[in-house]
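Secondary and tertiary structure notes
The residues making up each chain are set out below.
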Amino acid sequence: MLFLLAYIASVVLINYAFSAAPHLDIIWSAWGGLVFILRDMVQTRFGHGAIVAMLAALVLSYVTSDPTIALASATAFAVSECIDWLVFTITKRPLHDRLWISSALSIPLDTFIFFGLIDALTPPVVITALASKFAGVTVVWLIMAWRLRKQTVAG
């Protein structure tokens, strides 16, 4: 439940941050990596129920943030979540691989859609966002792969 609440709060807070201080977009773009890590943890625990958490976060974002930011976030997350849903539904690979594959496909699209819609698509922001998101998902992948190997050796 902690990851669920942290995910919703992070989405709302990052959208608010982009609304309140758009000139700090490179800082907020680095924070995006945390949002993707939390999203992966929510998906791991709640499966496709992560979409409900995303919707709650987006409704709260619309109430607390600039509507343009909330709409850009909703659009980017919708595309990202559709890709995640397809990867999780179609592939039969281990969970940690599905997380990385879905992120490899969805992170670039999410990044370009969001920053494109808020007119902040600059190389430093894109590079920071992509690096933080891929670093985060790689850490999650490594932890999950390590746990799987540990269980296999113990079993």
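Residues numbered from 1 in each chain as written. Predicted model: local features only at pLDDT ≥ 70, side-chain atom pairs only at ≥ 80, totals over all residues. Heavy atoms only, no water.

The name that an unreviewed UniProt entry assigns to the protein is PreQ0 transporter, with the source organism given as Pseudomonas viciae.

1. Structural notes on the side chain of S10
Its place among the elements puts S10 in helix α1 (residues 2–20). Those residues in contact with S10, other than ones at most four positions away along the chain, are W31, L34, V35 and L38. (Helix = DSSP H or I, 4+ residues; strand = E, 2+ residues; numbered from the N terminus. Contact = heavy atoms within 4.5 Å.)

2. Considering the nonpolar core
By size, the foremost hydrophobic cluster in this structure holds 28 residues, and its most contacted members are Y7, V11, F18, F77, F114, F115 and I118. Within the residue set of this core, elements represented by two or more residues are α1, α2 (25–46), α3 (50–64), α4 (67–90), α5 (95–117) and α6 (123–154). Here this core takes eight residues from α1, the largest share from any one element. Among all residues touching V11, those that are not within four sequence positions of it are V35, A57, L58, S61, S73 and F77. (Core = buried A, V, L, I, M, F, W, Y, C linked by side-chain atoms within 4.5 Å. Buried < 20%, exposed > 50% of the residue type's maximum accessible area, 1.4 Å probe, protein only.)

3. Concerning the UniProt feature "transmembrane region" (unreviewed entry) in the protein
Mapped onto the present numbering, the UniProt feature "transmembrane region" (unreviewed entry) falls at residues 6–34, 46–63, 99–118 and 124–146. Within residues 99–118, the helical portion is 95% and the strand portion 0%, while the C-alpha atoms at the span's ends are 27 Å from each other. Strand forms 0% of residues 124–146 and helix 100%; the C-alpha atoms that close the span are 32 Å apart. (UniProt positions renumbered as here; feature names shortened; annotations may be inferred.)

4. Considerations on unusual backbone geometry
Of note in the backbone geometry, D119 takes a positive phi value of approximately 55° without being a glycine. Tracing the backbone shows D119 in the loop between α5 and α6. Among the residues examined, D119 registers a relative accessible area of 74% and is labelled exposed.

5. Examining the packing of aromatic side chains
Within this structure, the stated rule accounts for five aromatic pairs. Taking the centre distance of 5.1 Å and the plane angle of 80° together, the rings of F114 and F115 count as edge-to-face. Three or more aromatic residues joined by ring pairs make a cluster, and in this case those are F18, F114 and F115. (Phe/Tyr/Trp six-rings, centres within 6.5 Å; stacked < 30°, edge-to-face > 60°.)

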